[in-house]
Each structure stands twice: as structure tokens, then as C-alpha cells.
Amino acid sequence: MDALTALQQTLAAPLFTAAASQPSVLSLSQPSLRSAGFADALATYDRLYSSGPLKPVTDQHLRQRLLDDEYAALDDLIHAADVVVSGPMATVTKQLDDLHVAATALLHGVADARSDAADFVRVAVEHARETDSLAAEQRTLADFLATITLTPAETALLTSPSSSSSPDLSDAFFAALDRVAGMDRIARDQLGYPDSPLGRDVVQSAATMLDAGCDQLYRWLQGRLVTLSGVSPDISPSVPRALACLAQYRPAYRDAWLEDAVAHRRTAIARWFVETSAASASSAAAGANGSRRGSTASSIRRGSTAGSAASLISSTTPPRSDRELADVLAWVHQAVAGDLALWTLDIGNAVVGGRGTSVALVDAAVCGGIGGMVRDRVEQVLARSSGRREDDGDGGDDEDEKDPGDPRADVAAAYRAYYSLGVHATMLAKSLSPAAELVNVLAFLQQTALHYFRDALDRNAVATLAAARDPSRGPPPDAAALDPTPAIGAAIAAIRAVAAAHAQFAPPPPAPHSSSSSPSSPTSPSPLPPPTTDPMPPALIDLLVDPAVQAAVVVAEQLGGDRGALGGGRAAKAVFVVNCLTGIKEAIAPISAEKALAVETQIDMYLEALGGEYYSGLVSQSGMSELLTQLQHSSSSSSSSSSQNPSLVDHGVTPRALQNAFLSLDAMLMTGIHSDASRALSKLVRGDLARDAVGRGTKAFVAAYAKVVAAVMDDPRCAEAYANVAVRSAAEVAGLLRV
């Protein structure tokens, strides 16, 4: 037991020794040392004595002593901590009490001064509010003064001469001008103008600066007029803005500048037309010498003003008069289109005063520049193309120029020009206005073309009849062919040319009302709107057709009577007239159905005469002439006498004579018909007309033969006297003649 006790003391000695010799270990700053010592001692005890035979009986006492020592150490620790904390806590408490006393004193002082401070703060706030209000009013006044006064830079823009000489106007210039206008409005609306002195001053100042700015604008626009003298003017974007400003502030300046601009455009267009005419004349002279390469050198482009107006030459190369007229009219349209684009697009309708003003400006520029020259040029073309030789100054030969009275003159040229001028007048009336002066010029030229057409018809009629009456002025009619003479052929060609022009420009006749229309003959609309829907006046139709008809009759007389001087006869004369009238009728039918019907009536009269000539040839060749003469005498005698009808026997017609007549008829039926009439009918231009005339003559012959047969067969005396004569029936003869 002593050994066990010694071991326990050895184990516990360090703990108690440390606790006794170093009390500072148990201080507040080293709590872990003491706790660690007791914990280690307890752990060592538990490891040695937790089990086994060595566990002493008195171990519980040792453990209790260890626990008691630990509790005593903890009490010492708590006491030390209380000693350490109690001193600072007293100091802090005292300081807090002092702060509370000071705060209470301060609170009482603030409460005493509160009433005086509230009054001061109220006065300070009121002063601050008044100061802010005055500052706001000062800013408002400054802003208002800025709206009714110009800056030095703006004043310099509106008054400096450099503004009017600059290539373009800046946005700042227009802004300054708008500011001046705004100053005037503010003075009138807000400053009590004219009662307020300030308002009067501002209005006067604004008017002065506005005058200065508008003067600068006008001078600048005057400097831009030189661009309008060019063929294709390049309009600055500032021009419409400047004109808009002048229209708003100084309309008189705007109107004056527009007048000057029109004058410059008039000069430019006139110069352009003269240059184009000279170039066209040179091209025409080169073309007359065999070179047509320049025909496309001056092509017309819509809106383009470079080069000269083109000759609208199709692949069929129309007559020169048509090309020249088309050139002039195309050039007029090009000039109108260019100036319309200038005034309505580049400058603008609203700027110049509306589209009506733009149209008036275009009309004044184009018509004033070239109206007279266009009129002279078109009249020159009309005069030359209708047969009047006039020097056009081009120095070249004109394939269309004819001597006065020459039947080769283009009679239809003026008629084509009449319709063409009317079409272009209608188009210009839509582009400009029906009351435009340029439209009136074309309308006047249209009536002039109609006058030239009537004059050409007169001269063509005189030339045609003169050639018909004077054989020395042309070749005689061909008795072998019986075709129209060159003079009559030229008259028919003139009718065809007029009909072609009428078909090209005049509206088509209305289609008949039917449930189905033939697809093979559609009605094609006119390519251009016609100037009038009225047909050609009857007087002009008569003047176009009647001279050719009269010439045909006059020339036919040169073929003579029975066997005319040229080897013809009555049948040849009738065939010649029918051939001429047929050509005339076919030529005039597209223009006037009524006139074509009148010519058809005349053709029918001559066909009737041809039928009579063919009948006479049949009677002569068949040997029936004597029998028909006796039969006619017999009929005449029977009608004048109440006695018995005399027969062929009474007139001395012997059976042999009757037999010879029937034999001649048989020979004609077998060998064919050979007479002047049949030879002449073979020269008709249309086979149906020849068949018509042959049918008329054959029917008349068969009817006469039937009377002869009736006189022979129905009269008993004739039947007895001519019993041995073989007689063909009328039906058989008609069958052999193919009636």
C-alpha cells in the first residue's frame, strides 16, 4: 500500500506544486494552463487505475481530492477575474454618468435656443426662395432677349457680301433668316406691337435684317442664273430653299428672279434649237450625198439635253418631210420635258407657286424661245413637201422636192402633218395645259397643214387634168394594156397615200355588234390618240377623187370611137376607164365608203356599156345581125299597124339566108368568140368585172336569139317556109355560151 501511495503522490505532485508555487498560473490571462494540468492528471489516473488488480481501494478518495482541487482553482480564477473587472467597470460607469450630465445640460441649452434658431431659419429659407426666383427670372429674361436679338455671327451671315458670292448657301444662313422672322412674330405677338416701344424696336430691327438677308438671297440667286443658260442646268439644292424663303418673305423678289430665269431659259433653248437645226441640215446634206451614217448621231434621250434632237428614222426610212417634222416635234417635246423636270422636280411646284405656275414658266420659256422658229420651220417643211420648191438653206438636194404641179409631189405629206400636229398638240395639252401658247402654236400649224393639203390637192388636180388634156405632157394610154397613164397612176397613188395616213392616225370604225367576233380580223386601236374623230370633209374627198375620174374619161377619148386613133374602140375606152375607176375605188374605200359607192356606180355604168359591146360582137360574129334587124322591123310594124303581124317571110328572109345565119352561129359556138369587145375585156384588171360584162352581153344575146327562135317556130308561115332549116333551141345556145 505504501508503494501505491508513493506512486499517487509522484503523479499528483507536479499539479499541486505548480498550483502552490506559481499562483500566477491560475490568473485570468492563463486559464488554459491550469485546466490542462488537472485534465492531464485525471487522464493519467484513469489510464493507470481504470481496471486491473492494481486499482486501490482508496482510489475514489484520490479522484475526489483532484476534483476538489480543481474546483478550488476555479474559485480562485473567478475571484481574480472579479478583481480585474471591477476597477474598469467603475471607471466606465463614472464616465457614463458624466456624459449623461453633460448631455442633459446641452439639451437644456438647445431647448432654450430653439425658438431663436427657428426664426432665423425661417428668414433664411425665405431669402433663399427669393434668390432662386430672381435667378429663374433672370435666366428667362436672358433666354427671351436671346430670341429677339441676333448673335454677331448671324448678323455677319445676313449682311456680309461674301454670302451672296459663295458657291452655296449654308444651313446657318437659312437658320439666321428664320430667326429674324421669328423675332418679328414674337414682337408682334408678345411685346404689344405697335404700342410697346420695345416691340417697335424689335420689329424694325427684324425688318432691317430681313431686308438684308433677302437682298443677299436675291443677289446669290442672280449669280446662279448663268447655270440656266446651259442646255442641261445643274440646279443647286439651295436654289429651291432660297426661292421658298423669297416666296415667304419677299414674293416680289421671287417673281423678278423667275422672270430673269425664264429669259435665260428662252435664250438657251433658242440657241439649242438653232444649233440642232444646223446639225440636222448638215446631216441631211451628207445623207443626200449617199451617207446616212449620221442619222443616229443625235439620239433623243428622255430628259437628256446633250447633243441635238434625233431624226426618228425607221427601218423603212419615211419621206424627208416626215422625218423633219418628227425631228422638230420630238425636239419640242424634249425641250418641254426638260423644262418641266427643271421647274417641277429640281426647283419644285410649291416654290414657284404651284403646278400652274410651273407650266406657265415652261410654256413661256419654250414657246417664247422657239415658238416662232418652230412655226417657220414647219411651214417650210409643209411648203416644200406639198410641191413648192423653197430654199431651206441646207445646200443639199432634196429627194422630196418637186416642181409645182409635178404629179409626183407628196400630196399626202400635208395630210400626215395635219394629223401628226394634232396628235402632238393633244399630248402637249396633257403635259402642259390646253390653253398653253405652245399648244396654240401647234393647233395653228395643224390648220396650216390642212390649208397646204387643200392647196396640194388643187395643184394635183390641175396637174392631173392638164396631163390628161395635153398628150404632149405625158405618154399616151397604152392600147395594148389599157392600164392607167402615169398621171392617173400618180393621182391614184396620191389617194392611196392619203388613205394610208388616214388609216394610221384616224380612229378605226366601230366594230359591229355581234355575239362572236372573228379572231382573224381584230380591230386594232390607233397607236396615238387622233386629234379629231371627224372624217375627211366631203369637199376634200371630191377634190382628191374627181380630178382622177375626169382625167380617166378624158384620156379614154384619145382611144377614139369605133377604132380610135390609138387602135382601140368603144370597148377599149370603157375597159380603160373601168381599170382607172377600179384603182380609184380601191384607194378611196378606206377613207369614204360613200365616195367608193359613187365610183362603183360609175364602174357599173361602164360595165353595162361593155356588156352592150360584147353583145354587139356576139351578134356580128354569129350572123344574127340581119335577122335581129328584120325582127326588130317586124316588131315595129306590128306595133304601128293593127293588121296581122308581118313575119320574117314578109321581110324577104329566105330559107337559105336563115340557114346561113344559123350556120354562122354554130361556127361561133364551135370556134369561140373573137371580137374587139372580148379582146378588150381580157385586159380588165379584175376577172370578176370581165365575167360580169360577159354575162350581161351573153344574157342579152340569148334573149335576142330566143326571140328569133320564137319568130321562126311560132309563126305558121315561117314554120312552113323554114321547115328544112335546122334551128338550135335558146336553151342549147345558152348552155354552149355558158350563161
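Right above here is the structure, for reference.
Residues numbered from 1 in each chain as written. Predicted model: local features only at pLDDT ≥ 70, side-chain atom pairs only at ≥ 80, totals over all residues. Heavy atoms only, no water.

Right, let's get into the overall build of the chain. Within the chain one finds 23 helices and 0 strands. For the chain, contacts bridging at least 24 residues in sequence account for 74% of all contacts bridging at least 6. Here the chain displays about 38,800 Å² of accessible surface, and carbon together with sulfur accounts for 58% of that area. (Helix = DSSP H or I, 4+ residues; strand = E, 2+ residues; numbered from the N terminus. Contact = heavy atoms within 4.5 Å. Areas by Shrake-Rupley, 256 points an atom, 1.4 Å probe, with all protein chains shown as cover.)

Right, let's talk about helix α17 (residues 593-622) for a bit. Each turn of an α-helix holds 3.6 residues, which means side chains three or four residues apart point in the same direction. Spanning 30 residues, α17 covers 42 Å between terminal C-alpha atoms, matching the ideal 44 Å at 1.5 Å per step. One or two positions beyond α17, positive phi appears at G623, with a value near 80°. (Expected span 1.5 Å × (residues − 1).)

Another aspect to go through is the packing of aromatic side chains. As enumerated under the stated definition, the model contains 7 aromatic pairs in all. With 5.9 Å between their ring centres and 90° between their planes, F173 and F174 make a pair best called edge-to-face. Of the two residues examined, F173 and F174, each falls in the buried class. Taken together, the aromatic side chains of Y415, Y418, Y419 and F453 make up a single cluster linked through ring pairs. When the ring centre of F174 is taken as origin, the NZ or CZ atom of R241, which lies over that ring, is 4.2 Å away. (Phe/Tyr/Trp six-rings, centres within 6.5 Å; stacked < 30°, edge-to-face > 60°. Buried < 20%, exposed > 50% of the residue type's maximum accessible area, 1.4 Å probe, protein only. Lys NZ or Arg CZ within 6 Å of the ring centre and 35° of its normal.)

This part covers the pattern of salt bridges. In this structure the tally under the stated criterion is 21 salt bridges. The residue E324 makes a salt bridge to R377 at a minimum N-O spacing of 3.7 Å. Here R377 lies in helix α11 (residues 355-385) and E324 lies in helix α10 (residues 320-352), a separation of 53 residues in the sequence. A salt bridge links E608 to R696, with the nearest nitrogen and oxygen atoms 2.6 Å apart. In this pair, E608 is assigned in helix α17 and R696 in helix α21 (residues 687-714), connecting sequence segments 88 residues apart. With a relative accessible area of 48%, E608 lands in the partly exposed category. In this structure, a network of salt bridges that share partners links the residues R320, E324, R377 and R384. (Salt bridge = Lys/Arg side-chain N within 4 Å of Asp/Glu carboxyl O.)

Within the element layout of this structure, R416 appears in helix α12 (residues 412-431). A residue is classified by how much of its surface remains accessible, and R416, at 13% relative accessible area, is buried. A polar atom in the side chain of R416 sits 2.7 Å from the side chain of D322. Setting aside residues up to four positions removed in sequence, R416 forms contacts with P319, S321, D322, D410, A501 and F505. (Polar contact = N/O pair within 3.5 Å; in protein donor to acceptor, adjacent residues only side chain to side chain.)

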